[in-house]
Amino acid sequence: MTTMPDTVVSGRAAMPALLRYCLWCILLAGMSSLTLPAAAGEVVPANLEAIDQEGNILVSIPIMPGGRWCLGWNHSVEGFEVRDCYRYREGKMMLERSHQPDFAAGLDHIPGRGEQVSDGRGGYWIEHIDEPVPGNRYTLRVGSSDVNHRLLWGTQQFSLSAVAAHERVTLRLHKPDNV
């Protein structure tokens, strides 16, 4: 499959590439609806959107009920990848699990919040967190290109750091009103 190039820039120059990319995502959503079964009672597709400080949509990713995605980034001290993984379930953005390759600064398992299991490579997954994200949205300060905050879904990825490094970005699960 085709991935969004890491060389996307912000501003007007990025718009044609982002528009082509979003159209591609719409086509992908049509195909994924054939392969991703909806959970009982869920029929409303949604969009995972990254919105900058001015309210501009940086990326919109179609998510079918039951669909999954992760926010990945490189640890600012150790450099390894950390992931928080989500699922669209029962109309909500749910934090399902987190991958942490080490107990480096800021990383740890909180007892009673999910189950820590080995990843078989020296790190660990925190499984079964299953926490709804309040309001189906949260805001983060996007890191530099070294940190490379990125949205990951299927085999695709979109680098938030390439278009909004050092800025506040809101990630939200948005259900269109007309569906």
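What about the packing of aromatic side chains?
Tallying each qualifying case throughout the model produces two aromatic pairs. On the basis of an interplanar angle of 15 degrees and a centroid distance of 5.9 Å, the ring pair of Trp-69 and Tyr-86 is categorised as stacked. Of the two residues, Trp-69 sits in strand β3 (residues 68–74) while Tyr-86 sits in strand β4 (residues 81–89), which places them 17 residues apart along the sequence. Assessed through its relative accessible area of 4%, Trp-69 is described here as buried. Tyr-86 gets classed as buried once you look at its relative accessible area, which sits at 5%. Seen from their ring centres, Tyr-86 and Tyr-138 are 5.8 Å apart, and the 25 degrees between their planes marks the pair as stacked. With Tyr-86 in strand β4 and Tyr-138 in strand β9 (residues 137–141), the pair connects residues that are 52 residues apart, well separated along the chain. Neither Tyr-86 nor Tyr-138 differs from the other in exposure class; each is buried. Looking at Arg-97, its charged tip hangs above the ring of Trp-125, at a distance of 3.6 Å from the centre.

Things to note about the nonpolar core
Core analysis: the largest hydrophobic core is formed by 33 residues, its most contacted members being Trp-69, Leu-151 and Leu-171. The greatest single-element share of this core, amounting to four residues, is contributed by strand β2 (residues 57–63). Ignoring any residue separated from it by four or fewer positions in sequence, one finds Leu-151 in contact with Leu-48, Ala-50, Val-59, Ile-61, Cys-70, Leu-71, Gln-156, Gln-157, Phe-158, Leu-160 and Leu-171.

Things to note about the pattern of salt bridges
The tally for this structure, following the rule as stated, stands at eight salt bridges. Here Glu-96 makes a salt bridge to Arg-68, at a shortest N to O gap of 3.0 Å. Of this pair, Glu-96 sits in strand β5 (residues 92–100) while Arg-68 sits in strand β3, and the two are 28 residues apart along the sequence. The buried category is assigned to Glu-96, whose relative accessible area is 10%. On the basis of relative accessible area, Arg-68 is assigned to the partly exposed category, the value being 49%. The closest approach of N and O atoms between Arg-97 and Glu-127, which form a salt bridge, is 2.8 Å. In this pair, Arg-97 is assigned in strand β5 and Glu-127 in strand β7 (residues 124–127), connecting sequence segments 30 residues apart. We classify Arg-97 as partly exposed; its relative accessible area is 27%. Among the charged side chains, a salt-bridge network with shared partners connects Arg-68, Arg-87 and Glu-96.

A word on the confidence of the model for the chain
Overall, the predicted model of the chain reaches an average pLDDT of 76, with 67% of residues at or above 70. Long-range and interchain partners of residues 1–39, a stretch whose pLDDT sits below 50, account for 42 contacts in this model, where long-range means more than four residues apart.

Details of the pairing of β3
Of all seven residues in β3, six are buried, a share of seventy percent or more. One ladder, built from seven bridges, connects β3 with β4; its direction is antiparallel. If you follow Leu-71 over to β4, its bridge partner there is Asp-84. Judged from the three bridges that link them, β3 and strand β10 (residues 150–153) form a sheet pairing that is antiparallel. Paired with Gly-72 across the two strands is Arg-150, which belongs to β10.

About the criteria used
- Residues numbered from 1 in each chain as written.
- Predicted model: local features only at pLDDT ≥ 70, side-chain atom pairs only at ≥ 80, totals over all residues.
- Heavy atoms only, no water.
- Phe/Tyr/Trp six-rings, centres within 6.5 Å; stacked < 30°, edge-to-face > 60°.
- Helix = DSSP H or I, 4+ residues; strand = E, 2+ residues; numbered from the N terminus.
- Buried < 20%, exposed > 50% of the residue type's maximum accessible area, 1.4 Å probe, protein only.
- Lys NZ or Arg CZ within 6 Å of the ring centre and 35° of its normal.
- Core = buried A, V, L, I, M, F, W, Y, C linked by side-chain atoms within 4.5 Å.
- Contact = heavy atoms within 4.5 Å.
- Salt bridge = Lys/Arg side-chain N within 4 Å of Asp/Glu carboxyl O.
- pLDDT = per-residue confidence, 0-100.
- Pairing = 2+ DSSP bridges.

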